[in-house]
Structure formats: C-alpha cells, structure tokens
Amino acid sequence: MRCQFLALRRVLVLVLTTCLLIFSAPAFAAERMVLKYGIFRESLSVEELSTFAQTGELSRSLRVNLALARQNPRAIRQYLTQPVKVNPVFVDRVLNSPVGNVILDQISEVIHTPSRRADRQAIRAALVLSASQDGQVSLIEIIENYPTTEVEADGDRLESAYRQLRRLQTSLENLFGF
C-alpha cells in the first residue's frame, strides 16, 4: 500500500511539473544563445539556430562563426537535430537519480547558464519539457526549452552532449526494459 502511494505521488509530481513547464515555457524559454568555439564567441538568437537546425540555412553570423572555428555545418546540424526517443515519465525518474545527475552534469558542461549556476536543474527542466512534447529529445529542443533567457553552448563539444543523450536513452532501456 505504501509503495502504491509513493508511486502515485511520483506520478502526480511529474504531471504537475510537466504541466507547469508546458504552460510556462514561452515565458521562460531561451531567446539568445552564445555559441563558443575556443576563443570565438558568437551571440545569436535561438530562432536563428532553430532555423539552421530545421532547414540547414545558415545565417551570415553563424556561417562566419562556423567557418572561423573550422566546423562542418552538416555535422553540427546532425548533432542538433538527431532525436533520442525517451519516455517522459521514465526520463524524469532517471534524471532524479545518481545516474541521472551524472548525465545532467556532463551535458551541462556543454550547454549551461551564463552564470554556471543551477545548470543541473536547468538541463533537467529542458529535458523533461522536450520529452513531454513528443517522446523524444534533441539538442535543439533542449536549447529551445532552456528555462533562462540566455544559454551558452560549447560548440566543440556538441557531439559529447549528443552522446550523453544517447547514454540517457540506454540507461532508460536498461532500467525499465523498453
């Protein structure tokens, strides 16, 4: 009986959290992103990055920044858009565990707040919101759903962040057998 109560409580907390995130997302979604490549730092709108992710069309500033950093736009676009399928309920459970904290910390080394405060919580919120929308997560969704007006990303390590998302998917499959 106590286990059922705890399980029901967790589901209720997840549903409430998801509802709050969904209904408050436009007010707290990232608007600007600082993309860093070594010594190069470029501030651009999240909309600009989203357009690139969706269409492949590079804005002038993004084209210059990627060229200076000697980055392949196709590879960057692939890391941004490649989805990882996750169950929103299970992703919340994993992200609130020691394994989840490690994954969150590793992703927040790449995508983080400008102040480097509450990075774990911000990434967790962005992941849960992204997963609740369509049962999958991509780096561009995390950036779009990031709960601060500005987000920073280390462009040289986007592949690493994508690998951590794949690791999250594997953890979910191993823990919950789906």
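Notes on the structure follow. For every chain, the first residue of the written sequence is number 1, and numbering continues from 1 onward in sequence order. For this predicted model, a pLDDT threshold of at least 70 governs which residues receive local features, and a threshold of 80 or more governs which side-chain atom pairs are given and counted, while totals over whole chains, interfaces and linings are taken from all residues. Hydrogen atoms and water are omitted, and side-chain values are computed over all heavy atoms in the structure.

## Quick look at the packing of helix α2 (residues 46–55) against helix α4 (residues 73–81)
Point 1. To obtain an axis, a line is fitted to C-alpha atoms, over the contacting stretch when the element is a helix, and the angle between two such axes runs from 0 to 180 degrees between their N-to-C directions. Under the scheme used here, helices are H or I runs from DSSP no shorter than 4 residues and strands are E runs no shorter than 2 residues, and both carry numbers assigned from the N terminus. Between α2 and α4, the shortest axis-to-axis distance is 9 Å and the interhelical angle comes to 100°. As summarised for this structure, α2 and α4 are arranged roughly perpendicular, according to the angle between their axes. Residues Leu49, Phe52, Ala53, Gln54 and Thr55 of α2 pack against Pro73, Ile76, Arg77, Leu80 and Thr81 of α4.
Point 2. In terms of residue class, the contact of α2 with α4 is built from six nonpolar, three polar and one charged. Each angle gets one of four labels, with under 35 degrees taken as roughly parallel, over 145 as roughly antiparallel, 65 to 115 as roughly perpendicular, and the rest as oblique. The contact criterion used throughout is that any non-hydrogen atoms of two residues lie within 4.5 Å. The nonpolar class holds Ala, Val, Leu, Ile, Met, Phe, Trp, Tyr, Cys and Pro. Asp, Glu, Lys and Arg form the charged class, and all remaining residues, Gly among them, are polar.

## Brief notes about the pattern of salt bridges
Point 1. The rule for a salt bridge is simple: a side-chain nitrogen of Lys or Arg has to be within 4 Å of a carboxyl oxygen of Asp or Glu. One pass over the full model with this rule turns up seven salt bridges.
Point 2. The salt bridge involving arginine 120 is made with aspartate 105; its shortest N-O contact spans 2.7 Å. Of this pair, arginine 120 sits in helix α7 (residues 119–134) while aspartate 105 sits in helix α6 (residues 98–108), placing them 15 residues apart in sequence.
Point 3. According to the relative accessible area criterion, aspartate 105 is partly exposed, its value standing at 30%. Note on exposure labels: buried denotes an accessible area under 20% of the residue type's maximum, exposed denotes more than 50%, and partly exposed covers the range between, all computed with a 1.4 Å probe on protein chains only.

## Brief notes about α6
Point 1. Considered for burial, the residues of α6 that qualify are Gly100, Ile103, Leu104, Ile107 and Ser108. Along the axis of α6, the buried positions cluster into a sector of 130°, meaning they face one direction only. Along the arc lie the directions from the helix axis toward the C-beta atoms.

## Quick notes on unusual backbone geometry
Point 1. Of note in this structure, arginine 70 is not a glycine but carries a positive phi near 55°.
Point 2. Following the sequence through the fold, arginine 70 ends up in the loop between α3 (60–68) and α4.
Point 3. You will see that alanine 118, though not glycine, has its phi angle at about 55°, which is positive.
Point 4. Tracing the sequence through the fold places alanine 118 in the loop between β4 (111–112) and α7.

## Some details on the sheet that holds strand β2 (residues 40–45)
Point 1. Spatially, β2-β1-β6-β4 is the arrangement adopted by the four strands of the open sheet, whose pairing is mixed. Here the strands that pair on one side only, and so sit at the sheet edges, are β2 and β4.
Point 2. Sheet topology note: the strand β1 (residues 32–37)/β2 ladder contains six bridges and is antiparallel. In the sheet register, tyrosine 37 faces β2, and the bridge partner there is phenylalanine 40.
Point 3. Against the sheet, α3 touches β1 and β2, its axis set at about 155° to β2. Paired strands are those between which DSSP finds at least two bridges.

## Some thoughts on the packing of aromatic side chains
Point 1. The pairing test for Phe, Tyr and Trp rings, Trp by its six-membered ring, is centres within 6.5 Å, and the orientation test on the planes gives stacked under 30 degrees, edge-to-face over 60, and tilted for anything in between. Taken as a whole and assessed by the stated rule, the structure comprises one aromatic pair.
Point 2. Ring geometry for tyrosine 79 versus tyrosine 162: centroids 6.3 Å apart, planes at 40°, classification tilted. With tyrosine 79 in helix α4 and tyrosine 162 in helix α9 (residues 158–176), this residue pair connects regions lying 83 residues apart in the sequence.
Point 3. When its relative accessible area of 13% is taken as the criterion, tyrosine 162 is described as buried.

## Observations regarding the pairing of β1
Point 1. Counted residue by residue, β1 has five buried out of six residues, so it is predominantly covered.
Point 2. The turn joining β1 and β2, which pair antiparallel and follow one another in sequence, is formed by two residues; a positive phi near 55° is taken by glycine 38.
Point 3. Pairing geometry for β1 and strand β6 (residues 150–154), over five bridges, is parallel. Counterpart to lysine 36 in the pairing with β6 is aspartate 154.

## Quick notes on the side chain of serine 59
Point 1. Here serine 59 is to be found in the loop between α2 and α3.
Point 2. For this analysis, a polar contact is any N or O atom pair within 3.5 Å, provided that within protein one partner can donate a hydrogen and the other can accept it, and provided that sequence-adjacent residues contribute only side-chain to side-chain pairs. A distance of 2.2 Å separates a polar atom in the side chain of serine 59 from a polar atom in the side chain of glutamate 48.

## Quick notes on the pairing of β6
Looking along a regular strand, one sees side chains alternate from face to face of the sheet.
Point 1. Most of β6 sits out of view: four of its five residues are buried.
Point 2. As judged from the two bridges shared by β4 and β6, these two strands associate in the antiparallel manner. Following the sheet pairing, histidine 112 is matched in β6 by glutamate 152.

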